[in-house]
Amino acid sequence: MAKPALFESLYNSKLTGQVVYLRHVDDQNPWVFHLYMGQLLYVHGGSHSMRRWLRHVSASCPQLMNLNAEIAVALQSTDLPAFSIHWQYQLLSHWMNQGKVTREQIRRVLVGLLQEVLFDLLQTESVLPPRSQASASLPARLVALSVDEYVAQADRHWQTWQAANLQQISPNLAPVIQQPEALQAAAGSVYQILSKLLDGQRTLRDLSLRMKRDLLSVTRSLMPYVDLQHLELQTIADIPEPQTSRLQRPQTGANPPPSVPSSSKPLIACIDDSPIICQGMERIITQADYRFMGINDPLRAIAQLLAQKPDLIFLDLVMPNANGYEICGQLRKLTLFNDTPIVILTGQDGILDRVRAKLVGATDFITKPATAVIVLETISRHLSTSKTPQSPP
């Protein structure tokens, strides 16, 4: 099979630098290939760059269970390397140096990214001639791929996609239920599964990964319902990238952030997957004239804490997908939370739990359900006098 002419710029065996593809001159999401002596080091860009990266890192590196937290911690690390390649490449290198991911896992991530980008380029109706540009400082190679092999694979996948009459269907579209009753009648027992999966937040590619089935079979199985208008394929936005400028450490000599007015009330955070616990803590804390933030999703906890920087954190010990020890340990790795009081909440008052909590940097340890007196005494004890509101007369 002849190589698609679209990718001729990627076949230069001596090219070191970048090859950039744009849909139009003002394209804000170009596809960027980073090459070293004609071999691919990394690729990113397009309409779903962040969603694509998260999907393949999650699939290839299952040990990174709390991926959002791992990203937030890594972006604060003093060991994060500085490359001219995209920040996602920096994170992969950082995790490999820490022993959190292997080189083989990074290779699988890169293969997945490349396959999707090549397919998307083949499906895009109008692409400007690519431009090549030198790169001043490419890092040591984590992995390197021969582009030729994967171009041929992508072309075969695209031909198969067209043969299935799906050429107008982008894998980046998300199926959404439009006629639930009609879909239930048509799908029968499968409806319960579809109603949970087709929430408008998962693309066809996301569903393929979630269902552990190849993309073509997933898409073909849903198309009859699309044709009947029981489902609609909709465009969805990419997942926002982390605000790296805010998360990264200020450089030496940079102006310090403006000080918080002394009249501001201390902010108390509570991380607990139980809304009832959070509501109870909110009632106790706000009645004592503190500000409060409740977090029910532990996977998003660190990102939210970085955004708000509370003065004290209550942290549940046992939660789905994460635990208080893990989150506490990750927070203590961040300069921002070196001195923030972290109080572990638990339903068990065991000496081993207390010892382990201290080992990961917890400041204190109280049992649930905690009374208002204990909660407020704990806050008062661990906050400085200047931040503690006066007791009402």
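Residues numbered from 1 in each chain as written. Predicted model: local features only at pLDDT ≥ 70, side-chain atom pairs only at ≥ 80, totals over all residues. Heavy atoms only, no water.

## A few points about the overall build of the protein chain
Line of reasoning, step 1. Per the secondary structure count, the protein chain includes 15 helices and 14 strands.
Line of reasoning, step 2. Residues counted as buried form 47% of the 393 residues belonging to the protein chain.
Line of reasoning, step 3. Taking as baseline every contact in the protein chain between residues at least 6 positions apart, the subset at least 24 positions apart corresponds to 68%. (Helix = DSSP H or I, 4+ residues; strand = E, 2+ residues; numbered from the N terminus. Buried < 20%, exposed > 50% of the residue type's maximum accessible area, 1.4 Å probe, protein only. Contact = heavy atoms within 4.5 Å.)

## Structural notes on the confidence of the model for the protein chain
Line of reasoning, step 1. Across the protein chain, the average pLDDT comes to 84, with 87% of residues at or above 70.
Line of reasoning, step 2. Scored below 50 in pLDDT, residues 245-263 makes 11 contacts in the model with residues more than four places away or belonging to other chains. (pLDDT = per-residue confidence, 0-100.)

## With respect to the nonpolar core
Line of reasoning, step 1. Ranked by internal contacts, the top residues of the largest apolar core, which has 71 residues, are Phe33, Trp53, Ile71 and Trp95.
Line of reasoning, step 2. Of the residues forming this core, the biggest block, 11 residues, is contributed by helix H4 (residues 103-123).
Line of reasoning, step 3. Residues within four places of Ile71 in sequence aside, it is in contact with Met50, Trp53, Leu54, Trp87, Leu91, Trp95 and Pro242.
Line of reasoning, step 4. Formed by 27 residues, the second largest nonpolar core is a distinct cluster that contains Leu267, Leu306, Tyr325 and Phe365. (Core = buried A, V, L, I, M, F, W, Y, C linked by side-chain atoms within 4.5 Å.)

## Digging into the packing of helix H8 (residues 204-211) against helix H9 (residues 215-227)
Line of reasoning, step 1. Where H8 meets H9, the closest approach of the two axes is 9 Å, and the angle between their N-to-C directions is 110°. Classified by the interaxial angle, the pair formed by H8 and H9 is roughly perpendicular. The crossing of H8 and H9 is right-handed. Side by side, H8 and H9 meet where Leu204, Arg205, Leu207, Ser208 and Met211 of the first sit next to Leu215, Val218, Thr219 and Leu222 of the second. (Axes fitted to C-alpha atoms, helices over the stretch in contact; angles between N-to-C directions. Parallel < 35°, antiparallel > 145°, perpendicular 65-115°, else oblique. Left-handed = near helix turned anticlockwise from the far one by under 90°.)

## Details of the environment of Gln153
Line of reasoning, step 1. Tracing the backbone through its elements, the reader meets Gln153 in helix H5 (residues 147-163).
Line of reasoning, step 2. Note: C-alpha distance between Gln153 and Gln115 (38 residues apart in sequence) is 7.9 Å.
Line of reasoning, step 3. A distance of 3.0 Å separates a polar atom in the side chain of Gln153 from a polar atom in the side chain of Gln115. (Polar contact = N/O pair within 3.5 Å; in protein donor to acceptor, adjacent residues only side chain to side chain.)

## Here's the deal with the sheet that holds strand S10 (residues 312-316)
Paired through backbone hydrogen bonds, the strands of a sheet run either parallel or antiparallel to each other.
Line of reasoning, step 1. Here we have five strands laid out as an open sheet, ordered S9-S8-S10-S13-S14, and parallel in their pairing. Looking at which strands have only one partner, the edges of the open sheet turn out to be strand S9 (291-295) and strand S14 (364-367). Pairwise comparison of adjacent strand axes, ignoring direction, gives a mean angle of 20° for this sheet.
Line of reasoning, step 2. Sheet topology places strand S8 (residues 267-271) next to S9; five bridges connect them, and they run parallel. Following the sheet pairing, Cys270 is matched in S9 by Gly294.
Line of reasoning, step 3. Packed on one face of the sheet, helix H12 (residues 301-308) meets S8, S9 and S10 and runs near 160° to S9.
Line of reasoning, step 4. Most of the contacts of helix H13 (residues 324-332) go to S10, to which it runs at about 150°, and overall it touches S10 and strand S13 (342-346). (Pairing = 2+ DSSP bridges.)

## Topic: the packing of aromatic side chains
Line of reasoning, step 1. Considering all chains together, one arrives at seven aromatic pairs under this definition.
Line of reasoning, step 2. Every member of this aromatic cluster is reached through a ring pair, and the members are Phe7, Tyr21 and Phe33.
Line of reasoning, step 3. Between Arg23 and the ring centre of Trp31, over which it is positioned, the NZ or CZ distance is 4.4 Å. (Phe/Tyr/Trp six-rings, centres within 6.5 Å; stacked < 30°, edge-to-face > 60°. Lys NZ or Arg CZ within 6 Å of the ring centre and 35° of its normal.)

## Section: the environment of Leu317
Line of reasoning, step 1. Looking at the element boundaries, Leu317 is found in the loop between S10 and strand S11 (318-319).
Line of reasoning, step 2. Distance from Leu317 to Ile327, taken between C-alpha atoms, is 9.3 Å for residues 10 residues apart in sequence.

## A few points about the pairing of strand S3 (residues 39-44)
Line of reasoning, step 1. Of all six residues that make up S3, five are buried, and the element is covered over most of its length.
Line of reasoning, step 2. Strand direction decides the pairing type here: strand S2 (residues 31-36) and S3, joined by five bridges, are antiparallel. Residue Leu35 lies in a different strand from S3, and its bridge partner there is Leu40.
Line of reasoning, step 3. In this structure, the hairpin formed by S2 and S3 is closed by a connection of two residues, where Met37 is found at a positive phi of approximately 50°.
Line of reasoning, step 4. Relative to strand S5 (residues 145-146), S3 runs antiparallel, the two being bridged by two bridges. Pairing of Leu40 across the sheet is with Leu145, part of S5.

## With respect to the pattern of salt bridges
Proximity of charged atoms lets side chains of opposite charge pair with each other.
Line of reasoning, step 1. One pass over the full model with this rule turns up 13 salt bridges.
Line of reasoning, step 2. Ionic pairing is found between Arg23 and Asp27, a salt bridge with its closest N-O pair at 3.1 Å.
Line of reasoning, step 3. Residue classification places Arg23 among the partly exposed positions, given a relative accessible area of 23%.
Line of reasoning, step 4. Measuring nitrogen to oxygen at the nearest pair gives 3.4 Å for the salt bridge that ties Arg300 to Asp297. (Salt bridge = Lys/Arg side-chain N within 4 Å of Asp/Glu carboxyl O.)

## Details of the packing of helix H1 (residues 49-60) against H8
Helix packing for two helices is described by the angle between their axes and how far apart those axes are.
Line of reasoning, step 1. It is at 11 Å that the axes of H1 and H8 come closest, and there the two elements cross at 10°. In terms of orientation, H1 and H8 fall into the roughly parallel class. Each of Arg51, Arg55 and Ala59 in H1 lies in contact with H8, whose residues at this interface are Arg205, Asp206 and Leu209.
Line of reasoning, step 2. Split into classes, the residues belonging to the contact of H1 with H8 amount to two nonpolar, no polar and four charged. (Nonpolar A, V, L, I, M, F, W, Y, C, P; charged D, E, K, R; others polar.)

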